[in-house]
Amino acid sequence: MGLLEDNEKNVQKRYQELCSNLNMDREASDQAWKSYETIRQNYTLEGDQLHWLGCALYVACRKSTTPTVGKHNTSFVEGNCVSLTRLLRLCKLSLIQFFSKSKKWADMASMPPEFRNKIDRLERNFAVSMVIFKKFQPIFMELFQYPGDNQLNRQPTSRKQRSLPCTSAKVFDFSWTLFICVKGESPGTSDDLVNSYHLLLACCDLIFGNALLANRRDIMNPQFRGLPEKFWELDYSPPLEPPCIIDDLCQSHDGIPLEAKSIKEYCWKTYVRRLFEKKVLKGDLSTLTGILDPNNFEANFKNINKVYEEHVLNVGDFDERIFLAECRRLRALPGARQCHLISALNSSEKRPVLRAWNSQGKGEDANADIGTPTKLYGMGDISEKLQAKKNNNMQQLGMQQLAPSTPLSGRKYLKSKEAHPNITPVSTAMQAVSRLRTLLVGRPSSPSETLLAIFRKCSRNPQERVEKLVRDFGEQFCTSFRQSKDEDIDFAPKRLQLGESLYYKLLENILEDEKKKKPADFDLSVLLENDVFHQSLFACCLEIVIYSYNSQRTFPWILEAFNLCPFHFYKVIEPIVRVEDQLSRDMVKHLNHIEEQILESMAWKSESPLWENIRCSGLPVPSCEDAFPPGQLDDCPCGTDSSRRTTNDRMPVGSVAKKRLFQSDSVPMTMVHRQVKPGQSLLQTSKPVAINLQPLESENGRFSPIFYVPGTGSVIIQTHSVQSRQPPPPPKEKKAKRGDSLGLFFRKFYSLASVRMQELCAQLELTDADLRKKIWTCFEHTIVNQTDLMEDRHLDQILMCAVYVICKVAKIEKTFTEIMRCYRLQPQADSHVYRSVLLCNKRRCSNNGTSNSSSPDKSKEDSRDSGNLPASQPSAPPTPTRLAGTSNSFEFEDRGDLIMFYNTVYVPKVKGFAVKFSSVGQQPDNLTLSPLPLGKNQPMSPCRRISEKHAVFIRSLDQQKTIPTSPSQPLSYCFSRSPAKAIQIDSFEWASEDNLKMNDQMKLIVKMNEAIFYKKLV
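Here is what the cut-offs are and how they apply
- Residues numbered from 1 in each chain as written.
- Predicted model: local features only at pLDDT ≥ 70, side-chain atom pairs only at ≥ 80, totals over all residues.
- Heavy atoms only, no water.
- Helix = DSSP H or I, 4+ residues; strand = E, 2+ residues; numbered from the N terminus.
- Buried < 20%, exposed > 50% of the residue type's maximum accessible area, 1.4 Å probe, protein only.
- Contact = heavy atoms within 4.5 Å.
- Phe/Tyr/Trp six-rings, centres within 6.5 Å; stacked < 30°, edge-to-face > 60°.
- Lys NZ or Arg CZ within 6 Å of the ring centre and 35° of its normal.
- Expected span 1.5 Å × (residues − 1).
- pLDDT = per-residue confidence, 0-100.
- Core = buried A, V, L, I, M, F, W, Y, C linked by side-chain atoms within 4.5 Å.
- Pairing = 2+ DSSP bridges.

Draft legend 1. Representation of the overall build of the chain in the model. Across its full length, the chain carries 39 helices and 14 strands. Each of the 1018 residues in the chain was classed as buried or not, and the buried ones make up 51%. Within the chain, residue pairs in contact and separated by at least 24 positions form 71% of the contacts whose partners lie at least 6 positions apart.

What follows is the structure, encoded as structure tokens:
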């Protein structure tokens, strides 16, 4: 006990020294220490305690405000002007470690979403800055000489001596500092990666022009092709105005010239002029030159650093000059000459000299600021770093926005990108923007003639209504997009113009697709008069535009801008992907990720229209059997739902909504038919359901179909009979029992849940198929009969509880720690999901006069009463990586970790059903396991073109479709299996009347030996 007290005193002493060095105010210091002691009571904080205290101090600093001297006494700045970089340096905490620990701290302290968003924004800013700095170095090396550190010491020894010209290394540091200073002062421009990169090109253009007019041949790179003619001749005279090299930079370094010049003219020059007017920069204001003159440079360098330091203190952002410190450290390494920072990082793991130098601790301060980048950034590309983070469980670096991982539900169809040295986040963003502009080339931001013709064919021409909606949506978007009214360049109209063009294009494609699936006389007025459909489509188009520019206005910002419900927004995602095949691979992944976010949690918010739809449907929540066609369940005969859902089905409107989903002549229309197999139980439901029993065979060989109506005791026998010897009728199109909008939502929901459950079970090594079906049955029971458990909660929370409870009753030792460890391997995993779970919504409970949760003591009594369903206890002392079974009470809700939710809320709800799966004793005879979805069928995947040079398309063989008969003996070929002699081109003939010889395109197909395809040649 004495040793523990000594450690506490030592921690408190170090903390007081830290606050003294930071000149921390007493209020923030006390608040941080109090928060630290509260967290320490519930969790064992592993590692250096000063790291956790640093996180607590940062939170306390961000909560405070500091008054400023100005015209108004009410002027305040956020924070208490404590530098984040200095705080982390004194705590000996790297930036990457800070991101990881601050997220854990936010989970343990149940911090509000605003703080989490702040950390995410910091993390993304760091990712963007790292990418931009990586691009800055090769650009600078192309324009100027290598910035060796030996140049930094060329300083005059006395004030009386003449100022020396700036070195290449000084210009390197000044250029980056000027760039981050302007970027920080223009949040509207630096909001996305594309604009930030073009801002960097404008900065390099300015510095190059200043060096050229100053005739600084000593720092120029003679190999740069943008140098003027006769530059190296003695009689060369500098031009009067600096040249523009934006085109050369864009051609060499993945830029868009038009947008880069726009950024330079309307943003970069404006902010640089302000710096001249404020006397921060000295030189010629009219031409923005003279910055590198010997008499001006040193003052310019000091002033620009001072302005940036003030910005960092006001905003609370990290100091982006740490990249310069790290660059100097690496340039000082033996053998690192002619290598800029990124090349040194890429090769450090392979070069023993660099490894040995790093192990000696030289340059430790700069290395510690970032967080051992030689280990983390040794792969070059941001996407590779993200993959390394996922695979190796390294420090949590927030790069998902720059290189989104493939969702589980799309991994079967979207493979990971192959590593390529030329693929970078900047090049990917530039390609996305170029692809978007190519997609919209020739498309005006108004309806085309084809779309107008469709409007005129409607019973009520919706042209005027649609155009008015687009104008209203545009004004709403621009208002939300503008961060401040004094922005010098307004990007909102530019993004809006692209969004409007894309909106009209996709609307036209969707309507054309609807016409193909509907009868010829079908009136599209119902769909076109649905304002929610237009709002959702318009918002999705703008989301595509914003994401193409890699903006920090990440989803769900677009929903907040339009005040749009996620439940309505998700309905347009699949139609857009289906009708527009030119969307990039990353864009499809992004839309897939959005759809998953909505299905897993956003659609289940208490204010979501989903709950009203469930109440108004007059039917129970669809089960998996109700939502899926029979052919897509694992215990039913094979078949596919060949009827493609239309956009009109997803957007039901008033009188067009289907009130009666199923009809029959044998039973009342309010009853639903359900096919039952021999031995299957007849479970009671909340509404009368007509169940088809197995037909009885009489002595004369005839079958009599029988229907049983639960709850009424009625048995209906059809009067007509069918001969058993008669050939079966042709199979009818198999459709889902619930094909309305609600049924489509639950079909997607169950499909997503099934994929995640299968992945979780695979990681937990739960290979028994019967056990997986029990988990799925328990999960489906929760959704159908205890739907309120999903309100304001997350799909993964219910799924992990279902896995745990079934393993518990089946006597399989799996702890919550193991389950969450495997869950964290999934791409959508977030610690906030299992650390902050809703226990009780006080506002909802007060309105209902009930409580939807129990106290911890009561939950323990309930768990003891259940016998086979004991309460979950933490398997080890709680740490930031383990749950403590604790909860926190807020003004309107109580939240806790997943163990607390399981014990107090989940167990009382499902224990009566879960104990039926107990391995002790015999299971009830009427317990039927629910079928698992089979996922997407291969025949539903689209055709793919194998090459841009050949009009040859491939698709998987549809086993369900009947292959037409050939006029002669058909020929078939099995790729990678047929003998070599079977692929002789001379022996192949088309099995047709003309006996055409195989052409060059068929030869190309035969050579494809990558996968097994069966091709029928007729």
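Draft legend 2. Region of interest: the environment of serine 501. Inspection of the secondary structure puts serine 501 in helix 21 (residues 492-517). Residues serine 501 and glycine 442, spaced 59 residues apart in sequence, show a C-alpha to C-alpha distance of 9.4 Å. Ignoring anything within four residues of it in the chain, the contact list for serine 501 reads Leu440, Arg443, Pro444 and Ser445.

Draft legend 3. Examining unusual backbone geometry more closely. Omega for the peptide link from phenylalanine 555 to proline 556 comes to 15°, which places this bond in the cis form. In this fold, proline 556 is placed in the loop between helix 23 (531-548) and helix 24 (557-562).

Draft legend 4. Highlighting the packing of aromatic side chains. Tallying each qualifying case throughout the model produces 57 aromatic pairs. Their ring planes at 80° and their centres at 6.1 Å tell us that phenylalanine 538 and phenylalanine 562 sit as a pair that is edge-to-face. With phenylalanine 538 in helix 23 and phenylalanine 562 in helix 24, the pair connects residues that are 24 residues apart, well separated along the chain. Taking relative accessible area as the criterion, phenylalanine 562 reaches 1% and is therefore assigned buried. Ring geometry for phenylalanine 746 against tyrosine 750: centres 6.0 Å apart, planes inclined by 40°, an arrangement best described as tilted. On the criterion of helical spacing, the pair formed by phenylalanine 746 and tyrosine 750 is a turn pair, its members being four residues apart in helix 31 (residues 741-763). The same class applies to phenylalanine 746 and to tyrosine 750, which are both buried. The cationic tip of arginine 274 hangs over the ring face of tyrosine 271; the distance from NZ or CZ to the ring centre is 5.0 Å.

Draft legend 5. Representation of helix 27 (residues 585-600) within the structure. The terminal C-alpha atoms of helix 27 lie 23 Å apart, and with 16 residues this matches the ideal 22 Å at 1.5 Å per residue to within 8%. Across the 16 residues that make up helix 27, a large majority, 13, are buried.

Draft legend 6. Just the confidence of the model for the chain, in detail. Predicted confidence across the chain gives a mean pLDDT of 74, with 63% of residues reaching 70 or more. Low confidence marks residues 337-368, where pLDDT is under 50. Its contacts with residues over four positions away, or in another chain, come to 63 contacts. In this model, residues 874-879 is a region of pLDDT below 50 whose contacts with residues beyond four sequence positions or in other chains number 18 contacts.

Draft legend 7. Summary view of the nonpolar core. Core analysis: the biggest nonpolar cluster contains 242 residues, and Phe746, Phe779 and Tyr906 have the highest contact counts within it. At 14 residues, helix 8 (residues 193-213) tops the list of elements feeding residues into this core. Residue contacts for phenylalanine 746: discarding those within four places in its chain leaves Trp604, Leu610, Ile614, Val621, Pro622, Ala627 and Ile783.

Draft legend 8. Inspection of the pairing of strand 8 (residues 837-841) at higher detail. Across the five residues of strand 8, five count as buried, placing the element largely inside the fold. Summarising the sheet, strand 8 and strand 10 (residues 893-896) pair through four bridges and their orientation is antiparallel. Residue pairing for strand 10: cysteine 840 is matched across the bridge by aspartate 894.

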